[in-house]
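Descriptive structure summary
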Amino acid sequence: MSPISLNHILFISTALFFIGMYGLFTRRNMITMLMAIELILNSVNINFVAFNKYLWPGNLDGVFFSIFIIAIAAAEAAVAIAIIINIYRNHNSIDVADTEEMKY
Amino acid sequence: MPFSFLSIMQFEWSALILLFIVLFLRIGKKVISNTSLLYIVNGLLLINFISGFFAHEDGTLFGTMFVSDSLIRFEKSLLNLGVLIISLQSFHWLSKHHHASEFYMILLSSLTGMFFMLSSNNLFMLYLSLELSAIPLAALANFDLQKRVSGEAAIKYIISSAFSSGILLMGISLIYGALGTLSFDAISLNMTGEPLLLFGFICLFAGFAFKLSAVPFHLWTADVYEGAPVAVTSYLSVISKGAMVFVFITALFRVFANVAESWYQMLFVISIATMIIGNLFAIRQQNLKRFLAFSSIAQVGFILIGISGHSDAAVASAVYFIMVYIFSNLAAFGIISLVSDVTGKENIDDYKGFYSTNPLLAWVLTIALFSLAGIPPTAGFFGKFFLLMSGAAADNNTLIIIAALNMIVSLYYYLRVVKAMFMDSNAQPIEKLKPGWMPVTAYIVCTAGILLSGIIGGAFEYIISIVSTH
C-alpha cells in the first residue's frame, strides 16, 4: 500500500473548504452558519499542518499557525454565540430570515 | 538597549495600560459615576494621544515579527486622534449608558489590535492582530442590547468578518505551502507570478477587500453601519477602515511588489466598481447613517485609485486622505450622533429646516459634507486631488476620467443633504440642541482640521518626508 500523498490531503482540505462555503450560503440557521465557518477554518488548519509536514519539515510555522487558528476560532465562536443569544432574546428566533429589518 | 521592547511598542503599551486602568476603575470597590468616568477616560485618551508624539525609536521585535518606523508611528497617532474625537462625541450617549466602562475596554482592545496590525511584519502577526481588531468590534456593534437592529448588525458583521478571514487564511496557507515562510521580507524576495502563489495572493486580496468594503465584498457595510450605535459606526467607518488601508498599502507595495502588474489590474476593476456602485446606491438612501455608509464605500474607490499609482506619492496621498477623511467623516458623524441621541431622528427629511434652529451645527455638517464631496477650500479637495494625481502617474486616463465623473455624481447627493438643511422648510424642525463642551471641542477640532490641513501645505509635505524615509 502506497503512503498517503500530499495531493490526497489537499483534496480533502479543498473539499472541506467548499463544503463550508456551500453550507454558509445555503443554511438559514445562525448556529449552522457558524459551524460552516468552523469547517472553512478547519480546512485551512489541515492545509497548514500538511504543508508543514510534507514540504517544510524544518521548522514548525504551520503547526503553530494552526494552533492559533483553533484558539481564535473558539474566541470568535464565543462572541458570535453571545450575539446569537441576544438576538434570540429580541427576536425569539435564530433564523436569518427573521432578522432582516434593514434592506437596501 | 535592554528596554527597547518598551519604547518600540510604546503605542501598544499605552493603549493596554489605559485598558487596564478602565478595568480597575470598573472592578474597584468605589462606584464611580458615569460622568466622572468619562472625564477620566477622555483625559487619559488625550494623554495617550500626546504621548504618541514622544515615541521615536525605530526597530524590530519578536524576531522581526513586529516593526516600527516614523510612518507607522504617524499612522498610529492618526488612529489615536480619531479615537479621542469619537470618545468626545459619544459623551451624551455613554453618560446614559449602563456599560460605559465596558465600551472603552472593548474599544481599546480593538485599537490595540489595529496598532499591532500596522506594525506587523509577518503574515502570522497580521492574522492575529486582524482578529484582535475585528472580534471586539462585533461585540461593540451589538452594544445597544435592547435594539433589534443592533443585534442584526452584529451578526452580519461577525459572520462576514469570519468568512473573510477564512478566505484570507486560505490565501496565507497557500503562500506558506509554496514558499515555506510567513515573514514579509522573505515573501517579498521570493514572490513570483506562478499560479499557486497568485491564487494565494488573490485569496488574501479578497480578504482585505472584505474588510475595506470594496465593491464585490461590500454587502455587509450598509446594514452594519445602520444598525450599530453611531459611535461604533464612526469607529468602523474611520478608524477600522483607515487601519485597513494602511495595512493594505504595506501588503501591496512591500510584500507583493513583485506581482504589481497583476494587482494593478485587480485594483483597476475593483476601484471603478466601488466608486460607481457606492455612488449609485448613496443617491437613493434616506437614512443618513446608511447614506454615509455608501459614501464611504465610494471614498474607498478613490483611495484604491491613489494606491494603484504604486509610488511614494501614492502612499503619502493615501495617508493624507485618511487624515482628512478622519476629520470630515467624524464631523458628520458627530452631528448625526448628537441629533440621533437627543431626538432619535436619522432620516434626511428630518433635517429639513435644521439651519433655522441650529445654524452652527448645520454649518459644521455642511463643511464636513463639502469636504467629503471635495469642494476646493476644504481639505477634502486636496485629498482627492493628490489621490488622482498619484493615480494618474500610472498613465491610465480611463480611470481618472471615470473618477472625475463620479465626483460630479457624488456632489449631487452630498448637496441634497445641504439643501434639506438650508432651503427646505419644515413645520416641525429638529429643536434647538445643546451639545456639552466635549462634543463642541470635537466639532471645533474636526472643522479646524478640515479647513486648515488643506490650506496649510505643511501637512502633505511632512507626510511625503516621512514616507521617503520609510
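Heads up: the structure comes first, above all this text.
These lines cover the structure that appears in this document, whether it is placed above or below. Computed from a predicted structure; not experimentally measured. (Residues numbered from 1 in each chain as written. Chains lettered and ligands numbered in written order. Predicted model: local features only at pLDDT ≥ 70, side-chain atom pairs only at ≥ 80, totals over all residues. Heavy atoms only, no water.)

**Comments concerning the overall build of chain B**
As a reminder, the rule being used: A run of H or I in DSSP becomes a helix once it reaches four residues, and a run of E becomes a strand once it reaches two; helices and strands are each numbered from the N terminus. We compute the radius of gyration from the C-alpha atoms alone; for a globule the expected value is 2.2 Å times N to the 0.38, where N is the number of residues. Accessible area is worked out with a 1.4 Å probe on protein chains only. A residue is then buried under 20% of its type maximum, exposed over 50%, and partly exposed in between.
From N to C terminus, chain B includes 21 helices and 2 strands. Whereas a compact globule of 470 residues would reach a radius of gyration of roughly 23 Å, chain B reaches 21 Å, a difference of no more than 12%. Seen along its three principal axes, the alpha-carbon backbone of chain B occupies a region of about 65 × 60 × 45 Å. A total of 470 residues make up chain B; the buried ones form 64% of that total.

**What to know about the overall build of chain A**
Put simply, the test is: We call two residues in contact whenever any of their non-hydrogen atoms come within 4.5 Å of each other.
Helix and strand content of chain A: 3 helices and 0 strands. Traced from its N-terminal end to its C-terminal end, chain A shows the element sequence α-α-α. Here the C-alpha atoms of chain A give a radius of gyration of 18 Å, more than 25% beyond the 13 Å that 2.2 N^0.38 yields for 104 residues. On the principal axes, the C-alpha backbone points of chain A span a range of 55 × 30 × 25 Å. Counting across all 104 residues of chain A, residues that qualify as buried make up 38%. For chain A, the share of sequence-separated contacts (at least 6 apart) that also reach a separation of at least 24 residues comes to 58%.

**Section: the interface of chain B and chain A**
To keep it simple, the criterion reads: Accessible area, probed at 1.4 Å, shrinks when two parts are joined; the buried area is that loss added up over both. Here, a salt bridge means any Lys or Arg side-chain nitrogen found within 4 Å of an Asp or Glu carboxyl oxygen. N or O atoms closer than or at 3.5 Å make up a polar contact, with two conditions inside protein: a donor-capable atom paired with an acceptor-capable one, and, for residues adjacent in sequence, both atoms drawn from side chains.
Between chain B and chain A, the contact holds 45 residues from the first and 39 residues from the second. Of the roughly 3700 Å² buried between chain B and chain A, counting both surfaces, carbon and sulfur atoms make up 72%. Interface area lost by chain B to chain A is led by B:R148, B:F163 and B:Y176, which between them contribute 18%. At the junction of chain B with chain A, the criterion picks out 0 salt bridges. Seen at the junction of chain B and chain A, the total is 9 residue pairs in polar contact (both at pLDDT 80 or more). Counting residues per element, the ones that place at least two in the side of chain B that touches chain A are helix 7 (123-141), helix 8 (148-179) and helix 11 (219-227) of chain B.

**Section: the pattern of salt bridges**
All names here are of chain B. A complete count under the given rule lists 12 salt bridges over all chains for this structure. One salt bridge in this structure joins R26 and E102, with 3.1 Å as the shortest N-O distance. Residue R26 is located in helix 2 (residues 10-27), and its partner E102 is located in helix 6 (residues 100-119); the two are separated by 76 residues in the primary sequence. Owing to a relative accessible area of 40%, R26 belongs among the partly exposed residues under this scheme. Residue class for E102 comes out partly exposed when judged on its relative accessible area of 22%. Where D223 meets R290, a salt bridge forms, and the shortest distance between an N and an O atom there is 3.1 Å. Of this pair, D223 sits in helix 11 while R290 sits in helix 14 (residues 288-307), placing them 67 residues apart in sequence. On the accessibility criterion, D223 (11% relative accessible area) is buried. Overlapping salt bridges bring together E152, K156, D223, E226 and R290 as one network.

**Section: the packing of helix 7 of chain B against helix 8 of chain B**
Residues and elements named next belong to chain B. Cut-off, in case you're wondering: Every axis corresponds to a line fitted to the C-alpha atoms, with the helix fit spanning only the stretch in contact, and the corresponding angles, defined between N-to-C directions, vary from 0 to 180 degrees. Note on terminology: angles under 35 degrees are roughly parallel, angles over 145 are roughly antiparallel, angles of 65 to 115 are roughly perpendicular, and the others are oblique. Residue classes follow a fixed rule: Ala, Val, Leu, Ile, Met, Phe, Trp, Tyr, Cys and Pro count as nonpolar, while Asp, Glu, Lys and Arg count as charged, and any other residue, Gly among them, counts as polar.
In the contact formed by helix 7 and helix 8, the axes pass within 9 Å of each other and the chain directions differ by 170°. As summarised for this structure, helix 7 and helix 8 are arranged roughly antiparallel, according to the angle between their axes. Facing L123, Y127, L130, E131, A134, L137, A138 and A141 of helix 7, the residues of helix 8 in contact are S150, A154, Y157, I158, S161, S165, L168, L169, I172 and I175. A class-by-class count of the residues in the contact of helix 7 with helix 8 yields 14 nonpolar, 3 polar and 1 charged.

**Let's talk about the side chain of B:H92**
Residue and element names in this part refer to chain B. With respect to the helices and strands, the residue H92 is situated in helix 5 (residues 91-95). Here the side chain of H92 touches G436 through a polar contact of 3.5 Å, landing on its backbone nitrogen. Ignoring sequence-local partners within four residues, the contact set of H92 consists of L338, D341, K434, P435, G436 and P439.

**Overview of unusual backbone geometry**
Residue and element names in this part refer to chain B. At S213, a residue that is not glycine, the phi angle is positive and equals roughly 55°. The exposure class assigned to S213 is buried, which follows from its relative accessible area of 1%. Unusually for a residue other than glycine, H310 sits at a positive phi of about 50°. Structurally, H310 is set in the loop between helix 14 and helix 15 (312-342). Exposure remark for H310: the relative accessible area of 32% places this residue in the partly exposed category.

**Description of the packing of aromatic side chains**
Aromatic ring pairs are defined here through the distance separating the ring centres and the angle between the ring planes. All names here are of chain B. Rules: Stacked, edge-to-face and tilted labels apply to pairs of Phe, Tyr and Trp rings (six-membered ring for Trp) whose centres lie within 6.5 Å, assigned for plane angles under 30 degrees, over 60, and everything in between, in that order.
Taken as a whole, this structure holds 42 aromatic pairs over all chains when the rule is applied. Judged by centre distance (5.6 Å) and plane angle (85°), the ring pair of F103 and Y104 falls under edge-to-face. The pair formed by F103 and Y104 is uniform in burial state, with each residue classed as buried. Summarising the aromatic geometry, the rings of Y413 and Y414 are spaced 4.8 Å apart at their centres and angled 45° between planes, so their arrangement reads as tilted. Classification of Y413 as buried rests on a relative accessible area of 0%. The buried category is assigned to Y414, whose relative accessible area is 1%.

**Some thoughts on the nonpolar core**
Residue and element names in this part refer to chain B. Which entries qualify depends on this criterion: For our purposes a nonpolar core is just a set of buried Ala, Val, Leu, Ile, Met, Phe, Trp, Tyr and Cys residues, chained together by side-chain atoms within 4.5 Å.
Within the largest apolar cluster, 211 residues are counted, with the highest numbers of intra-cluster contacts made by F103, F256, W263, I307 and F354. Top contributing element to this core by residue count: helix 15, with 21 residues. When residues no more than four places from it in sequence are discounted, the contact partners of W263 are F201, F205, L252, F253, F256, I307 and H310. Counting residues in each nonpolar core, the second largest holds 6 residues, with M9, L61, F66 and M125 among its members.

**Things to note about the packing of helix 2 (residues 30-54) of chain A against helix 8 of chain B**
For the record, the criterion: Left-handed describes a crossing whose near helix is turned anticlockwise from the far helix by less than a right angle; the clockwise case is right-handed.
Close contact between helix 2 of chain A and helix 8 of chain B brings their axes to 9 Å; oriented N to C, the two are set at 15°. Comparing their axes, helix 8 of chain B and helix 2 of chain A come out roughly parallel. Considering the relative orientation of helix 2 of chain A and helix 8 of chain B, their crossing is left-handed. Judged by residue contacts, A:M30, A:M33, A:I37, A:I40, A:L41, A:V44, A:N47, A:F48, A:F51 and A:N52 of helix 2 of chain A engage B:I155, B:I159, B:A162, B:F163, B:G166, B:L169, B:M170, B:I172, B:S173, B:L174, B:Y176 and B:G177 from helix 8 of chain B. Counted by class, the contact of helix 2 of chain A with helix 8 of chain B contains 17 nonpolar, 5 polar and no charged residues.

**Regarding the environment of B:A318**
Residue and element names in this part refer to chain B. Positionally, A318 belongs in helix 15. Classification of A318 as buried rests on a relative accessible area of 0%. Expressed as a C-alpha distance, the spacing of A318 and L387, which sit 69 residues apart in the sequence, is 6.6 Å. Beyond its immediate chain neighbours, meaning those up to four positions away, A318 contacts I249, I303 and L387.

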